Amino acid sequence: MLLLLSSILVKAISAVYKIPLTAYIGATGRGYFNIAYNLYMPVHALLMGAFPIAVTHLVSKYNEKGNRAKVYSLRKASGILFFIAGLIGFAFMGFFAKPYAELISSSPKSIYTIYMLAPSVLFCSMEASKRSFAEGYMNMVPTSVSQIIEAVFKLVFGLLFARYAMSYLYQMYLDSSAVFGVICANEEAALSAIYPFTAAAAMAGATFGSFFSLIYVSVYNSVKYNSRIPNKKYKTSESLKEIISFSAPIIVSTIIQSVSTFLDNSSVQYCLSQCNFDKLKEAYQSCLQITSTPDEDVVTYIFGLFSSAQDFKNLLPGLTMALGVAAVPAISAAFESHNRERLSLLSNSIFKYTSILAFGGGFYLSLISPFLLNVLYGANNPDIVIGCSRLVYFFGFTMVFYCLSGVSVFAVQAIGCAKKSIPSFIISAAVRVGMNYLIVSDYRYNIYGTVASGAAGYLVILVSNYRIYKKYSEVKLKFSDVFIKPLICSAASFFAANAVLASVFGDNGALLNFVVLSTVYLIFFTFGCILSKLVTFSEIKFMQSSKKMA
């Protein structure tokens, strides 16, 4: 619950951050921003998704056995390992920035944002070492607070740097008709030259955030866990080998996941460039007229629209990931204790509440997408409202695949079966990239093709990992609670909210429509969950007692 609440707060801060940011850098600048993240995320996923899972599992395991000496040794070993891994990741970002920007993304100007983001790889890696150690004790405070610190600093410094850079560079153009010595024939050319630097300035805020977040978790862990050193000592090298050994299959699966995500996003960029340019431009003519985007930036601009829609698509998987992270030590402890009843109840609760968030939140996102985007971007970036509303609408109905697949992967990793997930990631990558080449490269569908490819790819991961988890944990999920009831409650609330708006209130502007739909949907969905007994107080009490036992 703590991770979930902090994730909601972080997502809210992120939304507040991206609205003025997009006003400063435009959809084209968002394209540069997300191109940098496309290179960063595979590295980040490896560091934050492989080694931390191993440390959390092992700390939880040996803490369950009362072996404090081994836990202390794991703490030292993880500090060394994460620092080395962070340095390697930092070097990787710096070395591949230029070839990736020029050869793969076909956007040489994005190199500045990549360089500015690279140091955060080291900071995040060192931070992950301390987060995962605390998570092994089922202490989610440092993870939750550090996420909020990172988001706040990114908000404050990112916007401050972006605003200053835009003001400074635009004044440079007004004074000399040039940006850093490059003559700009008109304002459109000037903005095209300015956006890469403002995007890079905004990215510096993210790096600041990761640095100060590292400072917080370092101080917290030093105060919280610097108790008396146990008399019995384990060699750090032995613990290091154990972390790497447990991490090995997770590393492989994470690399495949990261590479598949990288290929997925890169294939979208590439396939857009393969569309009939005139037809593609015609499809987004209303957006392009508003922004006066030059032809050379059209593909980057449309990818920027896709990236803006991704912000909303990633909201719910980001929230349900909190359940997955919290599930690892809880499931690990129950699995190691061989308490199958406790493991079954925990598993059903985790999957069920993930499904409630996925179905409920997904249908809600589809319901309010045009009004939400209008409220957020209508004043400064109406082109994003026009270009993204329908895409976000369709993404909302596919949320269950993204959310449940993520939790199923965490569950499989928690019982030590990570390597068995690897084939599903390979097949999923092939499905997503293949469908992108078939659909996205057709100008009639363009970025809308990612809705189908993403849903199909993550369905493969969900089905495969659930079968693995069911086989090795001997846990069977209640299909009606995980799928049928949440779907019915969400769909009924969706149609009820639309009916009430149309018959009682009518169209009274984006803000009022947003408020009415949100209120009606929340009321119907809450009562639906209670009447169908999806949410029960006895289950919540059980989960609290399970945490105390762990």
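Parameters and conventions
- The numbering scheme is per chain: residues are counted from 1 as the chain's sequence reads.
- Only residues with pLDDT of at least 70 get local features here, since the model is predicted, and only at 80 or more are side-chain atom pairs given and counted; chain-wide, interface and lining totals rely on the full set of residues.
- Side-chain descriptors were evaluated using all non-hydrogen atoms of the structure, hydrogens and water having been removed beforehand.
- For the purposes of this entry, the term helix denotes a DSSP run of H or I that reaches at least four residues, the term strand denotes a run of E that reaches at least two, and both are numbered from the N terminus.
- Computation of the radius of gyration draws on C-alpha atoms alone. For the globule rule, the value is 2.2 Å times the number of residues to the power 0.38.
- Exposure is judged per residue with a 1.4 Å probe applied to protein chains only, and the accessible area is read against the type maximum: over 50% gives exposed, under 20% gives buried, and values in between give partly exposed.
- Within this scheme, the nonpolar core is defined by two criteria: the residues are buried Ala, Val, Leu, Ile, Met, Phe, Trp, Tyr or Cys, and they are joined through side-chain atoms within 4.5 Å.
- Any two residues whose heavy atoms approach within 4.5 Å at even a single point are treated as in contact.
- Any pair of nitrogen or oxygen atoms within 3.5 Å is treated as a polar contact; in protein, a donor-acceptor pairing is required on top of that, and neighbouring residues in sequence qualify only through side-chain atoms on both sides.
- Basic side-chain nitrogens of Lys or Arg form a salt bridge, by our definition, when they fall within 4 Å of a carboxyl oxygen of Asp or Glu.
- Only Phe, Tyr and Trp rings are paired, with Trp represented by its six-membered ring, and only when their centres lie within 6.5 Å; those with planes under 30 degrees apart are stacked, over 60 edge-to-face, the remainder tilted.
- Two conditions define a charge located above a ring, namely a distance within 6 Å from the ring centre to NZ of Lys or CZ of Arg, and an angle within 35 degrees of the ring normal.
- Two axes define the bend at a residue: one fitted to the seven residues ending there, one fitted to the seven starting there, and the bend is the angle between them.
- Here the axes come from fitting lines to C-alpha atoms, over the contacting stretch only for helices, and the angles between their N-to-C directions go from 0 to 180 degrees.
- For classification purposes, an angle smaller than 35 degrees is called roughly parallel, one larger than 145 roughly antiparallel, one from 65 to 115 roughly perpendicular, and anything else oblique.
- Left-handed describes a crossing whose near helix is turned anticlockwise from the far helix through less than a right angle; right-handed describes the clockwise counterpart.
- Residue classes follow a fixed rule: Ala, Val, Leu, Ile, Met, Phe, Trp, Tyr, Cys and Pro count as nonpolar, while Asp, Glu, Lys and Arg count as charged, and any other residue, Gly among them, counts as polar.
- How far a helix is expected to stretch is found by multiplying one less than its residue total by 1.5 Å.
- For patch detection, residues must exceed 30% relative accessible area and be free of salt bridges, and they are connected within 9 Å for like charges or within 5 Å for nonpolar side chains (Val, Leu, Ile, Met, Phe, Trp, Tyr).
- All accessible areas in this document rest on Shrake-Rupley with a 1.4 Å probe, and a residue is counted as covered only by the protein chains that are shown.

> Report on the overall build of the chain, specifying residues and quantitative values.
If you tally the helices and strands in the chain, you get 20 helices and 2 strands. Taken over the C-alpha trace, the chain has a radius of gyration of 24 Å; the compact-globule value for 550 residues is 24 Å, and the two agree within 12%. Once the C-alpha set of the chain is aligned to its principal axes, its extents read approximately 70 × 55 × 40 Å. Classification of the 550 residues of the chain by burial places 55% in the buried group.

> I'd like to hear about the nonpolar core, residue by residue, with values.
If you look at the biggest cluster of nonpolar residues, it comprises 166 residues, and the most contacted ones within it are Ile331 and Tyr469. For this core, the leading source of residues is helix 1 (residues 2–49), giving 18 residues. Filtering out sequence-adjacent residues up to four positions away, isoleucine 331 remains in contact with Leu343, Ile350, Ala411, Ala414, Ile415 and Tyr469.

> Before we move on, can you summarise the side chain of serine 213 with the specific residues and values?
Within the secondary structure, serine 213 sits in helix 7 (residues 187–225). With a relative accessible area of 0%, serine 213 lands in the buried category. Polar contacts involving the side chain of serine 213 include one to the side chain of glutamate 127, which spans 2.6 Å. Only 3.0 Å separates the side chain of serine 213 from the backbone oxygen of serine 146, close enough to count as a polar contact. Setting aside residues up to four positions removed in sequence, serine 213 forms contacts with Glu127, Arg131, Ser146, Ile149 and Glu150.

> Give a description of the pattern of salt bridges that names residues and reports values.
The full count for this structure, using the stated rule, is 7 salt bridges. Between arginine 131 and glutamate 150 there is a salt bridge; the shortest N-O distance is 3.9 Å. Pair noted here: arginine 131 is in helix 5 (residues 119–136) and glutamate 150 is in helix 6 (residues 141–176), with a separation of 19 residues, a long-range link. Assessed through its relative accessible area of 22%, glutamate 150 is described here as partly exposed. One salt-bridge network, held together by shared partners, links Glu127, Arg131 and Glu150.

> Could you give an account of the packing of aromatic side chains, with specific residues and numbers?
Enumeration according to the criterion identifies 32 aromatic pairs in this entry. Ring centres of phenylalanine 180 and phenylalanine 197 lie 4.9 Å apart, and the angle between their planes is 70 degrees; on these two criteria the pair is classed as edge-to-face. Of this pair, phenylalanine 180 sits in the loop between strand 1 (178–179) and strand 2 (182–183) while phenylalanine 197 sits in helix 7, and the two are 17 residues apart along the sequence. Phenylalanine 197 sits in the partly exposed class, given a relative accessible area of 23%. A ring pair is formed by tyrosine 216 and tyrosine 220, whose centres lie 5.9 Å apart and whose planes are at 45 degrees; its orientation type is tilted. Separated by 4 residues within a single helix, tyrosine 216 and tyrosine 220 lie in helix 7, roughly one turn from each other. Both residues of the pair, tyrosine 216 and tyrosine 220, belong to the buried class. The structure contains a cluster of three or more aromatic residues connected by ring pairs, namely Phe123, Phe153, Phe157, Phe161, Phe208, Phe211 and Phe212. The ring of phenylalanine 395 carries the charged tip of lysine 313 above its face, separated from the ring centre by 5.7 Å. Between arginine 390 and the ring centre of tyrosine 393, over which it is positioned, the NZ or CZ distance is 4.7 Å.

> So what about helix 13 (residues 340–377)? Which residues, and what values?
Considering bend angle alone, the principal kink of helix 13 is centred on isoleucine 368 and spans about 65 degrees; proline proline 370 follows within four residues of it. Of all 38 residues in helix 13, 28 are buried; the element is thus mostly enclosed.

> Could you give an account of the packing of helix 11 (residues 298–313) against helix 14 (residues 382–396), with specific residues and numbers?
For the pair helix 11 and helix 14, the least separation of the axes is 9 Å and the interaxial angle reads 50 degrees. What the angle tells us is that helix 11 and helix 14 run oblique. Helix-helix and strand crossings are classified by hand; for helix 11 and helix 14 the assignment is right-handed. For the pair helix 11 and helix 14, contact is made by Tyr301, Leu305, Phe306, Ser308, Ala309, Gln310, Phe312 and Lys313 and by Asp383, Ile384, Gly387, Cys388, Leu391, Val392 and Phe395, respectively. When the residues that make up the contact of helix 11 with helix 14 are grouped by side-chain class, the tally is 10 nonpolar, 3 polar and 2 charged.

> Break down the packing of helix 6 against helix 7 for me, with residues and values.
Two packed helices can be described by the angle between their axes and the distance between those axes. Axis separation between helix 6 and helix 7 bottoms out at 6 Å; the angle between their running directions is 155 degrees. As the angle between them shows, helix 6 and helix 7 are arranged roughly antiparallel. Handedness of the helix 6/helix 7 crossing: right-handed.

> Can you lay out the environment of aspartate 311 for me, pointing to particular residues and giving the numbers?
Here aspartate 311 is to be found in helix 11. Owing to a relative accessible area of 14%, aspartate 311 belongs among the buried residues under this scheme. For the pair aspartate 311 and lysine 18, spaced 293 residues apart in sequence, the C-alpha separation works out to 9.0 Å. Excluding residues that lie within four positions of it along the chain, aspartate 311 makes contacts with Lys18 and Arg30.

> Let's hear about helix 14: which residues, and what values?
Over its 15 residues, helix 14 runs 21 Å from end to end, which matches the ideal 21 Å to within 8%, given 1.5 Å per residue. Maximum bend of helix 14: about 45 degrees, positioned at cysteine 388. The set of residues buried in helix 14 consists of Asp383, Ile384, Val385, Gly387, Cys388, Ser389, Leu391, Val392, Phe395 and Gly396.

> I'd like a description of the environment of lysine 241, backed by residues and values.
Structurally, the position occupied by lysine 241 is in helix 8 (residues 236–274). Lysine 241 gets classed as exposed once you look at its relative accessible area, which sits at 61%.

> Lay out a nonpolar patch on the surface in plain terms, naming residues and giving numbers.
On the surface, Ile80, Phe83, Ile84, Leu87, Ile88 and Phe90 cluster together into a nonpolar patch covering about 530 Å² of accessible area. With respect to the helices, strands and loops of the structure, isoleucine 80 is situated in helix 3 (residues 68–104). Here isoleucine 80 falls in the partly exposed class, since its relative accessible area comes to 43%.

> I'd like a rundown of unusual backbone geometry, residues and numbers included.
Peptide bonds are mostly trans, and most non-glycine residues show a negative phi. Despite not being glycine, phenylalanine 180 shows a phi value in the positive range, around 50 degrees. The class of phenylalanine 180 is partly exposed, set by a relative accessible area of 48%. Although it is not a glycine, asparagine 446 sits at a positive phi angle of roughly 35 degrees.

Interpretation note: all reported values are geometric properties and have no functional meaning in isolation.
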